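Summary of the model geometry
The primary structure of each chain is shown beneath.
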Amino acid sequence: MALQFGIDTFGDVTSDAQGAPVDYPQVIRNVIDEAVLADQVGLDFIGIGEHHRDDYAISAPDVVLAAIAGRTERIRLGSAVTVLSSDDPIRVFQRFASLDAASNGRAEVILGRGSFTESFPLFGFALEDYQVLFEEKLDLFSKLLAEQPVTWSGSTRPPLSEQRVFPTTESGSLKTWIGVGGSPESVVRAARYGLPLMLAIIGGDPQRFAPYVDLFHRALAQLEQPTLPIGVHSPGYIADTDEQAREEFFSDYKVMRDRIGRDRGWPAMQKAEFDSEVDHGSLYVGSPETVARKIAATASGLGIDRFDLKYSAGPLSHEKMMHAIELYGTKVKPMVLEMLGE
């Protein structure tokens, strides 16, 4: 199957032409317009992340995806990611099964623990239960995917006994990925549940994830699971020239990176670090040809089935993102497929 091309956004609060923050409702409407354009230019997937902090506008991705479903025809619709640890597996399944119906079978869900923790105190979960919450809720969710009566028990919610969950999907299967940031345990967990793997590669040489890809294939074989898709999620930006892309993207990417860094104890990002990530790491920034060459190298080196470009970055404007999406679909995608001989 030919490589698929997706885009991801967290609904970052952007800036207007005067540099003022755009209000949350307009950011959400802009994301919907971005998804419509992605559908029109032939992209295969849009993923919307879940956050609960003031620099992101989207806390209910499934609602935004439902609005996108009504204005698009073919693009697949999913989360990036759903923080299962602080949600209820049954409600997650119900929401995405409903989205699957509304979109004529185009829904996907990417489950993960998330790299932010704001949802835990917001919904009354203790961070010390971080590991057990995800493990138990993923175990329950995996049983729901069979769309049959479920019997389950654990420590994080009341047990179930021969419980049916509705609605079911038309195809009998809700496509579900496991989002992984880079731990071998998470890779093996995805294989154990027989779920596709989405690798979040946000820094460093993408080829350093080759051992995780190999581990996933070996784990699937040992567990007698069928071959499953592997995807990569990485940040980037496309403009008409390399110079324009770097100039337009750097300042807004730095705002986002430094804001997160202040929360996590990272030093402020310097231009040399940015340039190194663009040249040798996991920032896919440049002209269509430059970005296409880099995606093709990652795709062939890791043997992936889908590449998702995280195209939003802090205050980066809606207009710039729209142009980047257009270039990604009309120029980058065909170039990559030609490079890969697909």
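Let me sum up the structure you'll find in this document. (Residues numbered from 1 in each chain as written. Predicted model: local features only at pLDDT ≥ 70, side-chain atom pairs only at ≥ 80, totals over all residues. Heavy atoms only, no water.)

Some remarks on the overall build of the protein chain
Inclusion rule: Every helix listed is a DSSP run of H or I at least four residues long, and every strand listed is a run of E at least two residues long, numbered separately from the N terminus. Throughout, the radius of gyration refers to the C-alpha atoms, and the reference size of a globule is 2.2 Å times the residue count to the power 0.38. Any residue under 20% of the maximum accessible area for its type is buried, any over 50% is exposed, and the rest in between are partly exposed; the area is computed with a 1.4 Å probe on protein chains only. Here, two residues are considered to be in contact whenever any of their heavy atoms come within 4.5 Å of each other. Per-residue and other accessible areas were derived by the Shrake-Rupley procedure at a 1.4 Å probe size, with only the shown protein chains allowed to occlude residues. Within this scheme the basic residues Lys and Arg register as positive and the acidic residues Asp and Glu register as negative, but His and the chain ends are omitted. The atom standing in for a charge is NZ when the residue is Lys, CZ when it is Arg, CG when it is Asp and CD when it is Glu.
From N to C terminus, the protein chain includes 11 helices and 12 strands. What you see for the protein chain is a C-alpha radius of gyration of 19 Å, in line with the 20 Å of a compact globule of 342 residues. Projecting the C-alpha coordinates of the protein chain onto the three principal axes gives extents of approximately 60 × 45 × 40 Å. Every one of the 342 residues in the protein chain was classed for burial, and the buried ones make up 55%. Excluding contacts between residues fewer than 6 apart, the proportion of contacts in the protein chain whose partners are at least 24 apart in sequence is 73%. As presented, the protein chain carries roughly 14,300 Å² of accessible surface, and 52% of it is formed by carbon and sulfur atoms. Separation of charge centres in the protein chain, based on 32 positive and 49 negative side chains, amounts to 2 Å.

A few points about helix H3 (residues 89-102)
Put simply, the rule is: Any helix carries an expected span of 1.5 Å times its number of residues minus one.
With 14 residues, H3 ought to run about 20 Å at 1.5 Å a step, and its terminal C-alpha atoms sit 20 Å apart, in line with that. If you follow the buried residues of H3, they end up packed against helix H2 (61-69), strand E3 (76-79), strand E4 (82-83), strand E5 (108-112), helix H5 (130-144) and strand E7 (160-163).

Focus: the packing of helix H1 (residues 24-40) against helix H11 (residues 318-339)
Test applied: Angles run from 0 to 180 degrees between N-to-C directions of axes, and those axes are lines fitted to C-alpha atoms, restricted for helices to the stretch in contact. Oblique is the label for any angle not covered by the other classes, which are roughly parallel (under 35 degrees), roughly antiparallel (over 145) and roughly perpendicular (65 to 115). Handedness of each helix crossing follows the sense of rotation of the near helix against the far helix: counterclockwise by less than a right angle gives left-handed, clockwise gives right-handed. Any residue that is not Ala, Val, Leu, Ile, Met, Phe, Trp, Tyr, Cys, Pro, Asp, Glu, Lys or Arg is counted as polar, Gly included; the first ten are nonpolar and the last four charged.
Running from N to C, H1 and H11 point in directions that differ by 15 degrees, and their axes come no closer than 9 Å. On the basis of the axis angle, H1 is roughly parallel to H11. In the crossing of H1 with H11, the sense of the turn from one axis to the other is right-handed. Residues Asn30, Asp33, Glu34, Leu37 and Ala38 of H1 form the contact with H11, whose participating residues are His318, Met321, Met322, Ile325 and Glu326. Across the contact of H1 with H11, the residue classes tally to five nonpolar, two polar and three charged.

Section: unusual backbone geometry
Trans is the prevailing form of peptide bonds, just as negative phi is the prevailing case for residues other than glycine. Here Ala80 and Val81 are connected by a cis peptide whose omega angle stands at 5 degrees. Position of Val81 relative to the elements: it lies in the loop between E3 and E4. In this structure, Pro167 follows Phe166 across a cis peptide bond, with omega equal to 0 degrees. Along the chain, Pro167 turns up in the loop between E7 and strand E8 (175-180). Non-glycine residue Asn104 carries a positive phi angle of around 60 degrees. Along the chain, the position of Asn104 falls in the loop between H3 and E5. Of note, the phi angle at Glu162 is positive, near 50 degrees, even though the residue is not glycine. Relative to the helices and strands, Glu162 resides in strand E7.

As for the pairing of strand E10 (residues 230-238)
For clarity, the threshold we go by: In this scheme, strands are said to pair when DSSP sees at least two bridges between them.
Within E10, nine of the nine residues are buried, which leaves the element mostly enclosed by the surrounding structure. Here E10 shows a buried face lined by Ile230, Val232, Ser234, Gly236 and Ile238 and a second buried face lined by Gly231, His233, Pro235 and Tyr237. Relative to strand E12 (residues 306-310), E10 runs parallel, the two being bridged by five bridges. The partner of His233 across the bridge, within E12, is Asp308. By the bridge criterion, three bridges tie E10 to strand E11 (residues 284-286) in an arrangement that is parallel. Within E11, the position partnered with Gly236 by the bridge is Tyr284.

Some details on the pattern of salt bridges
Selection rule: The term salt bridge refers to a side-chain nitrogen of Lys or Arg lying within 4 Å of a carboxyl oxygen of Asp or Glu.
This structure, assessed with the given rule, holds 23 salt bridges. For Asp62, the salt bridge identified is with Arg95, shortest N-O distance 3.4 Å. With Asp62 in helix H2 and Arg95 in helix H3, this pair connects stretches of sequence that are 33 residues apart. A relative accessible area of 14% means that Asp62 is categorised as buried. Residue Arg95 is classed as partly exposed on the basis of its relative accessible area, which comes to 23%. Two residues, Glu108 and Arg306, come together in a salt bridge whose shortest N-O distance is 3.0 Å. Remark: Arg306 occurs in strand E12 and Glu108 occurs in strand E5; sequence separation between them is 198 residues. Here Glu108 and Arg306 have matching classes, each one buried. Several salt bridges share partner residues, and in doing so they unite Arg53, Asp55, Glu118, Arg259 and Asp263 into one network.

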